[in-house]
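Listed here are the chains, written in short residue letters.
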Amino acid sequence: MKGVILAAGKGTRLFPVTYHIPKPLLPLANRLTLEYAFDRLREIEVRDICIVVGENEPQLRSALGDGARFGLSLSYVRQTHPQGLAHAVGFAREFVDDEPFVLYLGDAIYSKGFQDHARRFVESGCANLNLVQWVEDPRRYGVATLDGERIVKLVEKPKNPESNWAMAGLYFFGPQIWEVLPDLQPSARGEYEITDTIQLLIDRGHTVLAGIYDGVWYDSGTLDSFLEVSRFLINNGRIIDPTARVKAEIGDAVVIGAGATVECTRIEDSVILPGARVKIDGEIQHCLLGGTVFSEDPLKDAILYEG
Ligand code: G1P
């Protein structure tokens, strides 16, 4: 099975940090965000991976190279303009050829692997299997209606969801996807949706299965979710790189990257990027900081990168 990782997004919700460092390369617990995807894919024996990139292509290529240092073979394909997840997948057509593949949304972090789901996908011979998870409020996700183990209906971000089964960002596909993709129409928000692609598979009589994911799943795209996943990965503790210089009381959930200098009264629930120079008269709380950040006031809930 091959792998496709979608990593073309601009990461707008983490501006201005993502002006300087593409979101897939942001360090989480001092590892690149994409390294967590690589771990999960390696576990299911997926080593031949295509990363769909955007304007971030040069940085991703230079940071990840051919993948050898991750025990993978990486190739890159450029999505010319952003038009939705299904549009992005289309760029991987040549790479995937007619093999089955797993589609991974680049900013997703999963606490445990999906070996059982991969096995079930292969053994069932179905056209598509998707991870789903029961969530309290599914309105910001693709929402699946299940009939036994099958998905019988999918709606992207419905106002009145039919169920609480959210699409959890991990999809296994057989070659049937290439038959339906050319017929896909843009959604109300003007995007080619992966959920609509799967609905087309259902409409044409293909077997689409749900795989219930019972681990913890995060997307790291906003300040809150970025810090939440960081907290989870460091178990509420702290990682201070030995080359960082810190003059501050250090509270819970703090990551300070290599070569950073940090001066403040107290820091808590924050990530300071490698090489940052941070000097704050007061506390730093719930922040993601990089570059040079000086302030005479305390910092709370801030994403800053002055460079
Ligand atoms: C995308 C998919 C959605 C899925 C979600 C998972 O939404 O379109 O169906 O539930 O990822 O994170 P996005 O977050 O890109 O709007």
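Residues numbered from 1 in each chain as written. Predicted model: local features only at pLDDT ≥ 70, side-chain atom pairs only at ≥ 80, totals over all residues. Heavy atoms only, no water.

1. Structural notes on the site of the ligand
Around the ligand sit L85, L105, Y141, G142, E156, K157, M167, R189, T195 and W217, and that is every residue in its neighbourhood. Between the ligand and G142, the relevant distance is 3.0 Å, taken from an oxygen atom to a main-chain nitrogen or oxygen of the residue. Between the ligand and the protein, one listed contact pairs an oxygen atom with a backbone N or O atom of M167 at 2.7 Å. In isolation the ligand has 380 Å² of accessible area, and contact with the protein removes 80% of it. Residues of the shell around the ligand, tallied by class, amount to five nonpolar, two polar and three charged. (Near = heavy atom within 4 Å. Polar contact = N/O pair within 3.5 Å; in protein donor to acceptor, adjacent residues only side chain to side chain. Areas by Shrake-Rupley, 256 points an atom, 1.4 Å probe, with all protein chains shown as cover. Nonpolar A, V, L, I, M, F, W, Y, C, P; charged D, E, K, R; others polar.)

2. Looking at unusual backbone geometry
A cis amide bond, omega 5°, links F15 with the succeeding residue P16. One can find P16 in the loop between β1 (2-6) and α1 (17-20). Its identity as a non-glycine residue notwithstanding, A29 has a phi of 50°, on the positive side. With respect to the helices and strands, A29 occurs in the loop between β2 (27-28) and β3 (31-32). Look at D269: it is not a glycine, yet its phi comes out positive at around 50°. By the element assignment, D269 lies in the loop between β17 (261-268) and β18 (270-272). The class for D269 is buried, based on a relative accessible area of 14%. (Helix = DSSP H or I, 4+ residues; strand = E, 2+ residues; numbered from the N terminus. Buried < 20%, exposed > 50% of the residue type's maximum accessible area, 1.4 Å probe, protein only.)

3. Quick word on the pattern of salt bridges
For the structure shown, the criterion picks out 24 salt bridges. A salt bridge links D98 to R93; its shortest N-O distance comes to 3.6 Å. Given the relative accessible area of 32%, R93 is considered partly exposed. For D214, the salt bridge goes to K112, with nearest N and O atoms at 2.8 Å. Of this pair, D214 sits in the loop between β12 (208-212) and β13 (217-219) while K112 sits in the loop between β7 (108-110) and α6 (115-124); the two residues are 102 residues apart in sequence, bridging distant segments of the chain. (Salt bridge = Lys/Arg side-chain N within 4 Å of Asp/Glu carboxyl O.)

4. Some words on the nonpolar core
In terms of nonpolar packing, the biggest core is built from 58 residues, with F38, I51, L60, L64, Y104 and L288 touching the most fellow members. It is helix α2 (residues 33-43) that provides the largest number of residues to this core, a total of five residues. Y104 has contacts with V4, I5, L6, Y36, A37, R40, L41, I109, Y110, F114, G169 and L170, leaving out every residue within four places of it along the chain. Core analysis: the next-biggest nonpolar cluster, separate from the first, contains 34 residues, C50, F95, I177 and L181 among them. (Core = buried A, V, L, I, M, F, W, Y, C linked by side-chain atoms within 4.5 Å. Contact = heavy atoms within 4.5 Å.)

5. Considering the pairing of strand β21 (residues 288-295)
Of all eight residues in β21, six are buried, a share of seventy percent or more. When β18 meets β21, the two strands line up parallel, connected through two bridges. In the sheet register, I272 faces β21, and the bridge partner there is L289. In the sheet, strand β19 (residues 277-280) pairs with β21 via four bridges, with the strands oriented parallel. Looking across to β21, one finds that K279 is bridged to F294. Note that β21 and strand β23 (residues 303-306) share four bridges and pair parallel. The partner of L288 across the bridge, within β23, is I303. (Pairing = 2+ DSSP bridges.)

6. Brief notes about helix α3 (residues 57-64)
Working note: α-helix, 3.6 residues per turn, so residues spaced by three or four point in the same direction. Residues E57, L60 and L64 constitute the buried set of α3. In an axial view of α3, the angular spread of the buried residues amounts to 70°, which keeps them on one side of the axis. Turned more than 90 degrees away from the buried face of α3, the exposed residues are P58 and S62. On the buried face of α3, the contacting elements are β3, α2, β4 (48-53) and β5 (73-78). Note on α3: the residue one or two positions beyond its end, G65, has a positive phi of about 55°. (Arc of directions from axis to C-beta.)

7. Side note on the pairing of strand β6 (residues 101-105)
Looking along a regular strand, one sees side chains alternate from face to face of the sheet. Summarising burial for β6: five of the five residues are buried, a large majority. By the alternation rule, side chains of β6 split into F101, L103 and L105 and V102 and Y104, which are all buried. Where β1 meets β6, five bridges bridge the pair, whose relative direction is parallel. The residue bridging K2 from the neighbouring strand is F101, located in β6. One ladder, built from four bridges, connects β6 with strand β11 (residues 165-173); its direction is antiparallel. Its bridge partner lying in β11, V102 is registered against F172.

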